[in-house]
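Here is how the chains run, residue by residue.
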Amino acid sequence: MNLHEYQARELLKEAGIAVPDGDVADTPEAVEKIAERLGGKVVVKAQVHAGGRGKAGGVKLADTAAEAKEHARAILGMEIKGLTVEKVLVAPAEDIATESYVGVIVDRESQRAVVMVSPEGGVDIEEVAAKTPEKIFKVAVDPRYGLLAHEAMGLAFELFDDIKLVRQAAGIISKLYQVFVSSGASLIEINPLVSTPEGTVKALDAKLGVDDNELGRKPKIEALRDLSSEDPSEVDAREAGLSFIKLDGNVGCCVNGAGLAMATMDLVKYYGGDPANFLDIGGSSNPQKVVTALEIITRDKNVKAILFNIFGGITRCDDVANGIVTALDQTEIKVPLVIRLTGTNEAEGIKILEDRGLSALTDMDDAVEKAVAMAKEAA
Ligand code: GDP
Ligand code: MN
């Protein structure tokens with residue numbers, strides 16, 4: 001789950017990080033009112049779960065409240081990376097001297113939270129990491145002690161020379177790490193962390209992502225979930241107890257088990273195809289789950305073939321076969337289905353499919369290769 005900038009910046013503010021004033025609105029008129037209250041120059045910012053809003057035209061400076069209203073008119077309803085802008089943040093526009101990057105992520109390699117900073121802020125940090133990795137500075141935090149004061153200072157010295165700025169930045173880095181821990185985040189970023197010509201360091205953007213499995217322990221964070229800004233298919237899948245992530249390819253995948261789902265996506269790629277989704281129907285899959293899964297996969301108009309890859313263990317092949325047959329009874333599926341069934345109750349499962357005029361393969365490679373070929377043919 002991701003927070004919007006306006007939500008994440010409140011958490012930063014509560015922790016004592018310098019964040020400009022500001023408010024969120026969903027109409028141009030309300031934006032004008034906020035801009036009038038703030039007075040002076042303001043920035044109007046699209047609130048969507050996507051980076052690069054600046055480049056996409058979703059961040060605009062305005063000299064007057066009337067201009068802010070005009071910008072809001074343009075930004076509200078705009079699409080950024082497939083997401084519709086429903087709300088904008090209005091904040092006083094800051095004069096910027098420098099833009100840095102500060103973030104904390106969960107790092108698999110060190111198995112720790114890693115605090116990262118870069119003096120190359122305001123831009124895509126992945127690009128900095130790829131092109132000029134020497135401009136990124138990291139500290140892996142020992143969870144027994146948390147981020148130590150001298151570690152925060154060391155990082156801050158990579159951003160600034162002036163000790164006044166260094167001290168402010170170190171304070172912000174320490175507090176950011178605290179918010180990371182207390183919110184259960186897997187990623188938290190301030191990009192840009194700016195210094196102003198007057199010598200103040202402030203957070204001008206805020207990003208926070210939390211693993212869904214953490215939310216049970218963080219009801220305050222879960223309450224901030226904005227379902228309207230998430231992919232509707234992913235929301236429905238979650239409600240049905242399916243793990244589903246939408247991707248950009250055209251081979252729909254329906255698999256039991258997360259590991260097998262990953263392996264299936266790898267194999268789709270290996271045979272020259274592109275998966276349209278990650279979907280794990282889970283261990284003990286009742287037929288209804290399969291029906292929902294098919295319904296969600298077929299909603300995606302990019303899908304040109306659907307691959308079932310079922311390795312029956314706790315999952316019974318006959319349950320899955322019944323789910324497929326029930327789904328076909330309920331809705332007409334217009335794209336070809338390739339089914340691979342093997343394991344528990346394989347013979348029963350294959351019989352159920354054959355009685356319905358469907359066939360199943362037992363070899364994973366054969367099935368994936370066939371699904372990729374069929375998707376290519378239909379594309
Ligand atoms: P993102 O593109 O989605 O990461 O959105 P950001 O909030 O980071 O804004 C993008 C860029 O807009 C920043 O890197 C700044 O250069 C600029 N920007 C944002 N807020 C302000 C502001 O208050 N004043 C000025 N001058 N520029 C701003
Ligand atoms: Mn940013």
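Calculation notes
Residues numbered from 1 in each chain as written. Chains lettered and ligands numbered in written order. Predicted model: local features only at pLDDT ≥ 70, side-chain atom pairs only at ≥ 80, totals over all residues. Heavy atoms only, no water. Helix = DSSP H or I, 4+ residues; strand = E, 2+ residues; numbered from the N terminus. Contact = heavy atoms within 4.5 Å. Areas by Shrake-Rupley, 256 points an atom, 1.4 Å probe, with all protein chains shown as cover. Lys, Arg positive; Asp, Glu negative; His and termini not counted. Charge placed at Lys NZ, Arg CZ, Asp CG, Glu CD. Donors = N, O, S within 2.8 Å, 3.2 Å for Na, K, Ca; no water. Buried < 20%, exposed > 50% of the residue type's maximum accessible area, 1.4 Å probe, protein only. Domains from an automatic or database assignment. Near = heavy atom within 4 Å. Polar contact = N/O pair within 3.5 Å; in protein donor to acceptor, adjacent residues only side chain to side chain. Nonpolar A, V, L, I, M, F, W, Y, C, P; charged D, E, K, R; others polar. Pairing = 2+ DSSP bridges. 1 Å grid on protein atoms, 1.4 Å probe; cavity = no way out; pocket = protein on both sides within 12 Å on 5 of 7 lines; lining within 4 Å. Points joined across faces, edges and corners; volume = space filled by probe spheres on them. Axes fitted to C-alpha atoms, helices over the stretch in contact; angles between N-to-C directions. Phe/Tyr/Trp six-rings, centres within 6.5 Å; stacked < 30°, edge-to-face > 60°. Core = buried A, V, L, I, M, F, W, Y, C linked by side-chain atoms within 4.5 Å.

### Details of the overall build of the protein
In step 1: Across its full length, the protein holds 13 helices and 17 strands.
In step 2: Seen along its three principal axes, the alpha-carbon backbone of the protein occupies a region of about 75 × 50 × 40 Å.
In step 3: Counted over contacts in the protein with a minimum sequence separation of 6, partners at least 24 positions apart contribute 66%.
In step 4: When the accessible area of the protein is evaluated, it comes to approximately 18,000 Å², of which 51% is carbon and sulfur surface.
In step 5: Considering the protein, the positive charge centre built from 42 side chains and the negative charge centre built from 61 side chains are found 3 Å apart.

### Things to note about the coordination of the manganese ion (ligand 2)
In step 1: With distances of 2.1 to 2.2 Å, the protein atoms coordinating the manganese ion (ligand 2) are Asn 191 (O) and Asp 205 (OD). Remark: Asp 205 occurs in the loop between strand E11 (201-203) and strand E12 (207-210) and Asn 191 occurs in strand E10 (residues 185-195); sequence separation between them is 14 residues. The same class applies to Asn 191 as to Asp 205, namely buried.

### Brief notes about the environment of Ala 65
In step 1: Here Ala 65 lies in helix H3 (residues 65-75).
In step 2: Each C-alpha atom of the pair Ala 65 and Arg 37 lies 9.0 Å from the other, and the pair is 28 residues apart in sequence.
In step 3: Those residues within four positions of Ala 65 in sequence are excluded, and the remaining contacts are Glu 32, Ala 35 and Glu 36.

### A closer look at the domain arrangement of the protein
In step 1: In terms of domains, the protein is made up of domain 1 (21-92), domain 2 (98-222) and domain 3 (231-378).
In step 2: Placing the centre of domain 1 and that of domain 2 at their C-alpha centroids yields a distance of 25 Å.

### Description of the site of ligand 1
In step 1: In the neighbourhood of ligand 1, 18 residues make up the surrounding shell, with Lys 45, Arg 53, Gly 54, Glu 94 and Glu 99 lying closest.
In step 2: Here Gly 54 contributes a backbone N or O atom positioned 2.8 Å from an oxygen atom of ligand 1.
In step 3: Bound to the protein, ligand 1 loses 81% of the 560 Å² it would expose on its own.
In step 4: At the level of elements, strand E2 (42-46), strand E3 (59-62) and E10 are the ones that each hand at least two residues to the shell around ligand 1.
In step 5: Of the residues belonging to the shell around ligand 1, the class tally is 8 nonpolar, 5 polar and 5 charged.

### Some points on the pairing of strand E14 (residues 251-255)
In step 1: Within E14, 5 of the 5 residues are buried, which leaves it mostly tucked inside the rest of the structure.
In step 2: Alternating residues of E14 divide into Val 251, Cys 253 and Val 255 and Gly 252 and Cys 254, and every residue in both groups is buried.
In step 3: As defined by bridge partners, E14 adjoins strand E16 (residues 305-312) across 5 bridges and the pair is classed as parallel. Across the sheet, Cys 253 pairs through a bridge with Leu 307, a residue of E16.

### Re the layout of surface pockets
In step 1: Computed from the structure, the second largest pocket encloses a volume of approximately 180 Å³.
In step 2: Every residue lining the second largest pocket is listed: Thr 298, Asp 300, Lys 301, Val 303, Glu 332, Ile 333, Lys 334 and Val 335.
In step 3: Across the lining of the second largest pocket, the residue classes break down as 3 nonpolar, 1 polar and 4 charged.

### Here we look at the sheet that holds E2
In step 1: Strands sit in the order E1-E6-E2-E3 across an open sheet of 4 strands; the sheet is antiparallel. Both edges of this open sheet fall to strand E1 (23-25) and E3, since each of them pairs with a single strand only. For this sheet, the mean angle separating the axes of adjacent strands, direction not counted, is 25°.
In step 2: Packed on one face of the sheet, helix H1 (residues 5-14) meets E1, E2 and strand E6 (88-92) and runs near 45° to E6.
In step 3: Docked against the sheet, helix H2 (residues 28-38) engages E1, E2 and E6, running at close to 15° with respect to E6.

### What about the packing of aromatic side chains?
In step 1: Inspection of every chain in the model, using the stated rule, returns 2 aromatic pairs.
In step 2: Between Tyr 177 and Phe 180, the ring centres sit 6.3 Å apart and the planes meet at 25°, which makes this aromatic pair stacked. One end of the pair, Tyr 177, and the other, Phe 180, are both in helix H6 (residues 163-183), 3 residues apart, so they sit about a helical turn from each other.
In step 3: Using a relative accessible area of 11% as the deciding quantity, one classes Tyr 177 as buried.

### Quick notes on the environment of Leu 227
In step 1: Positionally, Leu 227 belongs in the loop between helix H7 (219-222) and helix H8 (232-239).
In step 2: Distance from Leu 227 to Asn 309, taken between C-alpha atoms, is 30 Å for residues 82 residues apart in sequence.
In step 3: Those residues in contact with Leu 227, other than ones at most four positions away along the chain, are Val 235 and Arg 238.

### A closer look at the nonpolar core
In step 1: Counting 41 residues, the largest nonpolar core has Leu 12, Ile 173 and Leu 208 as the members making the most contacts within it.
In step 2: Contributions of two or more residues to this core are made by H1, strand E7 (98-107), strand E8 (112-118), helix H5 (149-159), H6, E10, E11 and E12.
In step 3: If you tally residues by element for this core, the top one is H6, at 10 residues.
In step 4: Among all residues touching Leu 12, those that are not within four sequence positions of it are Ile 17, Val 19, Leu 176, Val 179, Ile 188, Ile 190, Ala 203 and Ala 206.
In step 5: Core analysis: the second largest hydrophobic core is formed by 32 residues, Ala 237, Val 325, Ile 350 and Leu 358 among them.

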